[in-house]
Amino acid sequence: VVHFPFFCPSFAHKAFGDQWDIHPPHHHRHWAQICRGNPTNKIRGCDKYGCGAYGADRHSGKGKHVGVDVICADGATVYAPFSGQLSGPIKFFHNGNAIDDGTRLMFPDFPSSPLSQGFCVKLVCIHPIRYHGTIQRGQELGRMLPMQKVFPGIVSHIHVENCDRSDPTPLLKPGKKKKKVLFVPPFPQQDQHWAAVCAGNPTNEIRGCDRYGCGYYGAPRRSGKGKHTGVDVICADGATVYAPFAGQLSGPIKFFHNGNAIDDGIQIKGPGFCVKLLCIHPIKYNGFIGKGQVLGKMLPMQRVFPGITSHIHVENCDHSDPTSYLQRGKGQ
């Protein structure tokens, strides 16, 4: 991540200082949880864009990383790590992209050392609920911005940078003594197995064979049309459909291109996965969705193929076999 200089004053303005003299907050040596879903403030490991640790090398000889990248899923709630005064917005990229927003949070009498009771930090790639005023430790600060739109496949994260560019890592372990930094592999928000795709089919059971064909990956198609490049997950007409993993939606996707009753679908792209789910009607075609959240409804397949085993066609974007990701799915 490209860094840039900021001036952070040594003392907060007098009105803010007076307010804290009257109502001093209970301050902590360790910061609170910053992102929902990451209670221990785990730090981004390494991916194709670089590494999230303090001091990590930047690409193109641009020096060292002067902050820490705290893992945070796109759209997740962000909290204040400590009580203090907000000031912003902060522009990191200066190009108006989808993640070019952030704020500064400062506790009065910020000293030279981040290990004392004063703090000053910049949190970047978030959209704060406000840019000015006071906020308490653990209160909602804003939302994580859609990093996947700008850097597809990166481990989404909040860039956390001390105003004096010292290392914030020791402060990112809530309630623990200073230890060796815990690094996690890329894409920690994704499970190896996907969630249930359709209500009523908790094991993602795959369609067997009927008079229209078979539902397993690689099954022969009729009329010499090659092999089945997806998997057919059993789903009753009208059933609720869920997102198998967290990611960014894009659509609509037309499978038949004839406007029939099941010619609709969606693509979900998240770290490590990209899949198309067809023969469903999504509740939205764009935006972020969490794993297991309602994605839409199964379309009336019986209208188009009477007597078929109704199903969602699940196809990896690279046409590889998705069977292993479908929990206890019955394959070939």
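Definitions and cut-offs
- Residues numbered from 1 in each chain as written.
- Predicted model: local features only at pLDDT ≥ 70, side-chain atom pairs only at ≥ 80, totals over all residues.
- Heavy atoms only, no water.
- pLDDT = per-residue confidence, 0-100.
- Contact = heavy atoms within 4.5 Å.
- Salt bridge = Lys/Arg side-chain N within 4 Å of Asp/Glu carboxyl O.
- Buried < 20%, exposed > 50% of the residue type's maximum accessible area, 1.4 Å probe, protein only.
- Core = buried A, V, L, I, M, F, W, Y, C linked by side-chain atoms within 4.5 Å.
- Helix = DSSP H or I, 4+ residues; strand = E, 2+ residues; numbered from the N terminus.
- Phe/Tyr/Trp six-rings, centres within 6.5 Å; stacked < 30°, edge-to-face > 60°.
- Pairing = 2+ DSSP bridges.
- Axes fitted to C-alpha atoms, helices over the stretch in contact; angles between N-to-C directions.
- Disulfide = S-S within 2.5 Å.
- Polar contact = N/O pair within 3.5 Å; in protein donor to acceptor, adjacent residues only side chain to side chain.

Taking an unreviewed UniProt entry as the reference, the protein is identified by name as MIM1 protein belonging to Nothoprocta pentlandii.

Student: Outline the confidence of the model for the protein, listing residues and values.
Tutor: Looking at the protein as a whole, its pLDDT mean stands at 82, while 79% of the residues score no less than 70. Under a pLDDT of 50 for its full length, residues 1-27 has, in the predicted model, 61 contacts with residues more than four places off or in other chains. pLDDT under 50 marks residues 109-117. Its contacts with residues more than four places away, or in other chains, come to 28 contacts.

Student: Summarise the pattern of salt bridges; cite the residues concerned and give the values.
Tutor: Per the counting criterion, the structure on display carries 7 salt bridges. With a closest N to O distance of 3.8 Å, R165 and E161 form a salt bridge. Residue classification places R165 among the partly exposed residues on the basis of a relative accessible area of 27%. Sharing partners across several salt bridges, the network here consists of R44, D47 and D69.

Student: Which residues make up the nonpolar core, and what are the values?
Tutor: Side chains that are nonpolar tend, in soluble globular proteins, to be buried together. Core analysis: the largest hydrophobic core is formed by 33 residues, its most contacted members being W31, I34, V78, L105, L123 and I158. Those elements that place two or more of their residues in this core are β3 (68-71), β7 (120-124), β10 (140-144) and β11 (157-162). Considering each element in turn, this core owes the most residues, 3 residues, to β7. In this view, L105 contacts A80, P81, F82, G84, Q85, L86, F119, C120, V121, L123 and I135; residues no more than four positions away in its chain are not counted. I253, I262, I266 and F273 belong to the second largest nonpolar core, which has 31 residues in total.

Student: Before we move on, can you summarise the environment of L123 with the specific residues and values?
Tutor: Within the fold, L123 resides in strand β7. Linking L123 and G67, residues 56 residues apart in sequence, is a C-alpha distance of 9.6 Å. Leave out the neighbours within four places in its chain, and L123 touches I34, P81, G102, T103, L105, L141, I158 and H159.

Student: Which residues make up the packing of aromatic side chains, and what values do they have?
Tutor: The tally for this structure, following the rule as stated, stands at 14 aromatic pairs. An angle of 90° between the planes, with centres 5.5 Å apart, marks the rings of W194 and F273 as edge-to-face. Of this pair, W194 sits in the loop between β11 and β12 (209-210) while F273 sits in strand β18 (residues 273-278); the two residues are 79 residues apart in sequence, bridging distant segments of the chain. Counting every residue linked through ring pairs, the aromatic cluster contains Y49, F92, F93 and F151.

Student: Could you give an account of the sheet that holds β10, with specific residues and numbers?
Tutor: Spatially, 3 strands are ordered β4-β10-β8 in an open sheet, and the strand pairing comes out antiparallel. The open sheet has two edge strands, β4 (77-79) and β8 (126-128), and neither has a second partner. Taking the axes of each pair of neighbouring strands and ignoring which way they run, one obtains an average angle of 40° across the sheet. In this structure, β4 lies alongside β10, joined through 3 bridges in antiparallel fashion. Across the sheet, V78 pairs through a bridge with G142, a residue of β10.

Student: Residue-level account of the state of the cysteines, with values.
Tutor: Counted according to the given criterion, the structure contains 6 disulfides. The disulfide partner of C46 is C51, and the S-S distance across this bridge is 2.0 Å. Because the sign of the S-S torsion sets the handedness, a value of about 105° for the bond joining C46 and C51 places this disulfide among the right-handed ones. For C46, a relative accessible area of 41% gives the class partly exposed. Judged by relative accessible area, which is 24%, C51 ranks as partly exposed. Residue pairing for C274: its cysteine sulfur links by disulfide to C317, the two sulfurs lying 2.1 Å apart. On the sign convention where negative is left-handed, the bridge of C274 and C317, at about -65° about the S-S bond, is left-handed. Of this pair, C274 sits in strand β18 while C317 is found in the segment after β22 (311-316), placing the two residues 43 residues apart along the sequence.

Student: Please give an account of the environment of H228 that cites residues and values.
Tutor: Within the fold, H228 resides in the loop between β13 (213-214) and β14 (231-234). A residue is classified by how much of its surface remains accessible, and H228, at 5% relative accessible area, is buried. Separated by 14 residues in the primary sequence, H228 and C214 have C-alpha atoms spaced 8.5 Å apart. When near neighbours in sequence (up to four residues on either side) are disregarded, H228 contacts C214, G215, Y216, Y217, G218, A219, R221 and H313. Of note is the side chain of H228, whose polar atom sits 3.3 Å from the side chain of D232.

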